[in-house]
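# Coordinate inspection notes
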Amino acid sequence: MKKYLMISTIIISSVFLGCRKAEPYPIQETQETPESYSIEGKWVLEDYPNTAYIFENGLRYTVYCTSPNCNWDTITTAHAIPNPESYTFENDTLKIDLGFSLSNFMDFVCGGQVVKREYAPGQYVRWTRPPYDISNCNE
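Numbering of residues begins from 1 in every chain and follows the order in which that chain's sequence is written. In keeping with the model being predicted, local features are shown solely for residues with a pLDDT of at least 70 and side-chain atom pairs are shown and tallied solely at 80 or more, while totals for entire chains, interfaces and linings include all residues. Water and hydrogen atoms were dropped before computing side-chain values, which therefore reflect all heavy atoms in the structure.

Moving on, we come to the packing of aromatic side chains. In this analysis, rings of Phe, Tyr and Trp, with Trp reduced to its six-membered ring, are considered paired at centre separations within 6.5 Å, and the interplanar angle assigns stacked below 30 degrees, edge-to-face beyond 60, and tilted for intermediate values. Summed over the entire model, instances satisfying the criterion amount to seven aromatic pairs. Both rings, one in Phe-55 and one in Tyr-87, keep their centres 4.9 Å apart while their planes meet at 85°; by these two values the pair is edge-to-face. With Phe-55 in strand β2 (residues 48-56) and Tyr-87 in strand β4 (residues 85-90), this pair connects stretches of sequence that are 32 residues apart. In this structure, Phe-55 and Tyr-87 share a single accessibility class: buried. Taken together, the aromatic side chains of Tyr-37, Trp-43, Phe-89 and Phe-108 make up a single cluster linked through ring pairs. Secondary structure elements are taken from DSSP: a helix is a run of H or I of four residues or more, a strand is a run of E of two residues or more, and numbering for both begins at the N terminus. Residue burial is assigned from relative accessible area. The probe radius is 1.4 Å, only protein chains are included, and a residue is buried under 20% of its type maximum, exposed over 50%, and partly exposed in between.

What follows covers the side chain of Thr-62. Here Thr-62 is to be found in strand β3 (residues 59-64). Residue Thr-62 is classed as buried on the basis of its relative accessible area of 7%. Here Thr-62 is in contact with Thr-51, Ala-52, Tyr-53, Ala-80, Ile-81 and Glu-85, once residues within four sequence places are set aside. We call two residues in contact whenever any of their non-hydrogen atoms come within 4.5 Å of each other.

Attention now moves to the layout of surface pockets. Grid points spaced at 1 Å over the protein atoms alone were grouped into cavities, where a 1.4 Å probe fits but cannot get out, and pockets, open sets with protein on both sides within 12 Å along at least five of seven lines, with lining residues defined by an atom within 4 Å of a point. Grid points are joined across faces, edges and corners, and a volume is the space filled by probe spheres set on the points. The space that makes up the largest pocket amounts to roughly 230 Å³. Around the largest pocket sit 15 residues that line it, and Leu-45, Tyr-53, Arg-117, Val-125 and Trp-127 are the ones nearest its centre. With three residues, strand β9 (residues 123-128) is the single largest residue contributor to the lining of the largest pocket. A per-class count over the lining of the largest pocket returns nine nonpolar, one polar and five charged. As for the second largest pocket, its lining consists of 14 residues, and the residues nearest its centre are Val-44, Trp-72, Thr-128, Pro-130 and Tyr-132. Of the residues contributing to the lining of the second largest pocket, the split by class is nine nonpolar, two polar and three charged. Only Asp, Glu, Lys and Arg are considered charged in this grouping, and only Ala, Val, Leu, Ile, Met, Phe, Trp, Tyr, Cys and Pro are considered nonpolar; every other residue, Gly among them, is considered polar.

Moving on: the state of the cysteines. Disulfides are defined as pairs of cysteine sulfur atoms found within 2.5 Å of each other. As enumerated under the stated definition, the model contains two disulfides in all. What pairs with Cys-65 in a disulfide is Cys-70, and their sulfur atoms sit 2.2 Å apart. The chirality of the disulfide connecting Cys-65 with Cys-70 is left-handed, given an S-S dihedral of about -110°. Look at Cys-70 and you get partly exposed, because its relative accessible area is 24%. Between the sulfur of Cys-110 and that of Cys-137 lies a disulfide, 1.8 Å long from S to S.

Averaged over every residue, the pLDDT of the protein is 77; residues scoring 70 or more account for 71%. Confidence of the predictor in every single residue is expressed as pLDDT, which spans 0 to 100. Averaged over each element, pLDDT in the protein is lowest for helix α1 (residues 2-18) (38) and highest for β3 (96).

Turning our attention to the pairing of strand β8 (residues 114-120). Between any two strands, pairing holds if DSSP finds at least two bridges. Pairing of strand β7 (residues 107-109) with β8, which is carried by three bridges, proceeds in the antiparallel orientation. What sits directly across from Asp-107, in β8, is Lys-116. A loop of four residues connects β7 with β8, the two strands running antiparallel in sequence, and Cys-110 in this loop sits at a positive phi of about 55°. Looking at chain direction, β8 and β9 are connected through six bridges and run antiparallel. By the bridge assignment, Glu-118 is partnered in β9 with Tyr-124.

Here you go:
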């Protein structure tokens, strides 16, 4: 009987000690995570480099630059056109109240310096944080 008890103890111990919790597949860490970027701040439109949006405290301001070389560092909400639109940004979705709800999925790329909205396969708009050079972004 002692022999069976000893063998049973060894077998049970081996089973419990030999089992490990299954580890999930390793998650590829990327530097670009939606949680780490904010839409707040200035964004210059790639296709219209004389136009910028300033997102601040739930309002989106639109600023137009009339100079051939815009110095976006000196531009503030005081330079914006009247009547900013309210917005929310949650889970990569930007919702702007333009009298109707406009909702866009915004993908942060190039280290968070660019937001990209693809509206059809291979067709997109991009906004950059000044003074980031959009030619450095291949996404």
